[in-house]
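# Residue-level structural notes
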Amino acid sequence: MAELPKNIVILTGAGISAESGLRTFRAEDGLWEDHPVQEVATPEGFARDPDLVQRFYDERRAQVLAAQPNPAHEALGRLEREFAGELLLVTQNIDDLHERGGASRVLHMHGEALSAWCRACDARHPWQGTLRDGPGCPACGEVAMRPDIVWFGEMPYQMERIFDALAGADLFVSIGTSGAVYPAAGFVQQAGEHGARTLELNLERSAGSHWFDETRLGAASELVPQWVNEVLAAG
Ligand code: BV8
């Protein structure tokens, strides 16, 4: 570990939740294998067959509630509590395992499984149950709620805030992501262009590995606590 970082941006993907039993997307048993992306993770798919999409996310919501955070989530919670510098944790994941692992300020750029979004009044509500049976929006009463998820072709949340953080970071760390989906997959380049050191922690080399100053291969539950210990020991 080189000099002490003062301003860290972390990006996580499905790989950090794999050891909590939540399926990733692009492994052979991946989520997309059962459901072509176009059918369940696009606005067009939702317009074509809302019940299929609601069922897909009802299932994801139930799996999230049944899962537990793993040592990687808990290590990032500890980092947030003990690191003296600036830290922004951005996740592509729609689960709440970062929060249950002790991180309180998590930016869900692709939305959250445990949130419902009313298309009539734009309100968002914490939601743990099903959306299939067409519940009315708690704010406006309309039956118009969809999963609060960013689908392909939709703009991820809080992009300005993320770009500002990448411009000021001196360390960018990517954990458990295949680097297949943009704009998240481009963050390493943006951070690097602004002078940040870039570190990748992943089970295998990713589509973006060549952009990183350093790649460590292994399971998140081992690599993340080890890296957090390094950062906090240098402090
Ligand atoms: C947008 C919500 C613009 C749904 C998701 C051509 C070129 C460039 C871009 C595009 C293009 N064609 C289309 C695009 C844009 C598109 C895109 O990038 N497509 C890709 C497929 C080419 N992007 C978009 O549409 C985005 N929006 O561009 O908007 C715009 C502009 C103006 C106005 C309006 C719009 C929106 C993308 C968001 C889509 N939604 N998720 C849901 O979750 O159900 S994406 C989905 O993929 C998840 O969010 C997931 O997080 C994300 C990325 O996947 P990963 O997290 O990386 O998961 P994956 O399985 O792939 O990899 C897991 C990794 O973990 C592996 O590397 C594995 O080795 C590792 N691992 C496994 N186990 C472990 C581990 N690592 C450590 N430990 C372990 N134990």
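Note: the structure precedes this text.
The text that follows walks through the structure, step by step, so that each part is easy to find. (Residues numbered from 1 in each chain as written. Predicted model: local features only at pLDDT ≥ 70, side-chain atom pairs only at ≥ 80, totals over all residues. Heavy atoms only, no water.)

## Looking at the overall build of the protein chain
Counting secondary structure elements, the protein chain contains nine helices and nine strands. Here the C-alpha radius of gyration of the protein chain, 18 Å, is about what a compact globule of 235 residues would show, namely 18 Å. Seen through its principal axes, the protein chain has C-alpha atoms that stretch 55 × 35 × 30 Å. Within the span of the protein chain, comprising 235 residues, buried residues form 53% of the whole. Across the protein chain, the fraction of contacts at a sequence separation of at least 24, relative to all contacts at a separation of at least 6, is 65%. Total accessible area on the protein chain stands at roughly 10,700 Å², and carbon and sulfur atoms take up 51% of it. The positive charge centre, built from 19 side chains, and the negative charge centre, built from 35, are 2 Å apart in the protein chain. (Helix = DSSP H or I, 4+ residues; strand = E, 2+ residues; numbered from the N terminus. Rg over C-alpha atoms; globule rule 2.2 N^0.38 Å. Buried < 20%, exposed > 50% of the residue type's maximum accessible area, 1.4 Å probe, protein only. Contact = heavy atoms within 4.5 Å. Areas by Shrake-Rupley, 256 points an atom, 1.4 Å probe, with all protein chains shown as cover. Lys, Arg positive; Asp, Glu negative; His and termini not counted. Charge placed at Lys NZ, Arg CZ, Asp CG, Glu CD.)

## Focus: the pattern of salt bridges
Counted under the stated rule, the structure contains ten salt bridges. The partner of D58 in a salt bridge is R61, and the shortest N-O contact between them spans 2.7 Å. You can see D58 and its partner R61 sitting in helix α4 (residues 50-66), three residues apart, about one turn around the helix. We note a salt bridge from E214 to R216, for which the minimum N-O separation is 2.8 Å. Residue classification places E214 among the partly exposed residues on the basis of a relative accessible area of 32%. Salt bridges linked by common partners bring D51, R55 and R132 together as one network. (Salt bridge = Lys/Arg side-chain N within 4 Å of Asp/Glu carboxyl O.)

## Some details on the packing of helix α5 (residues 71-82) against helix α9 (residues 220-234)
Contact pair α5 / α9: the axes reach a minimum separation of 7 Å and the direction vectors enclose 15°. Between α5 and α9, the angle is such that the two are roughly parallel. For the pair α5 and α9, the sense of crossing is left-handed. Contacts between α5 and α9 involve P71, A72, A75, L76, R78, L79 and E82 from the former and A220, S221, V224, P225, W227, V228, N229, V231 and L232 from the latter. Looking at side-chain class alone, the contact of α5 with α9 contains twelve nonpolar, two polar and two charged residues. (Axes fitted to C-alpha atoms, helices over the stretch in contact; angles between N-to-C directions. Parallel < 35°, antiparallel > 145°, perpendicular 65-115°, else oblique. Left-handed = near helix turned anticlockwise from the far one by under 90°. Nonpolar A, V, L, I, M, F, W, Y, C, P; charged D, E, K, R; others polar.)

## Quick notes on the sheet that holds strand β9 (residues 214-217)
Strand order in this open sheet of six strands is β3-β2-β1-β7-β8-β9, and the pairing throughout is parallel. Strands with a single pairing partner mark the edges of an open sheet, and in this sheet they are β3 (106-108) and β9. Each adjacent strand pair in this sheet contributes to an overall mean axis angle of 20°, direction not counted. Bridge count for strand β8 (residues 197-202) against β9 is four bridges, and the pairing is parallel. The residue of β9 that forms the bridge with L201 is R216. The strands touched by α9 within the sheet are β1 (7-12), β7 (171-175), β8 and β9, with β8 carrying the most contacts at an inclination of about 150°. (Pairing = 2+ DSSP bridges.)

## A word on α5
Taking 1.5 Å of rise per residue, twelve residues should cover 16 Å, and α5 covers 16 Å from first to last C-alpha, within 8% of that figure. Of all the positions in α5, only A72, H73, A75, L76, G77, L79 and E80 are classed as buried. Among the structural elements, β1, β2 (86-91), α6 (97-100), β7 and α9 are those in contact with the buried residues of α5. With a side-chain oxygen positioned 2.7 Å from the backbone nitrogen of A72, the residue opening α5 is N70. (Expected span 1.5 Å × (residues − 1). Polar contact = N/O pair within 3.5 Å; in protein donor to acceptor, adjacent residues only side chain to side chain.)

## A word on the nonpolar core
Membership of the largest hydrophobic core comes to 24 residues, with the highest contact counts inside it found for I10, L76, L79 and W227. For this core, the secondary-structure elements that each account for two or more residues are β1, α5, β2, β7, β8 and α9. Examining the composition of this core, we find that seven residues originate from one element, α9, more than from any other. Residues V37, V40, A113 and L114 belong to the second largest nonpolar core, which totals 21 residues. (Core = buried A, V, L, I, M, F, W, Y, C linked by side-chain atoms within 4.5 Å.)

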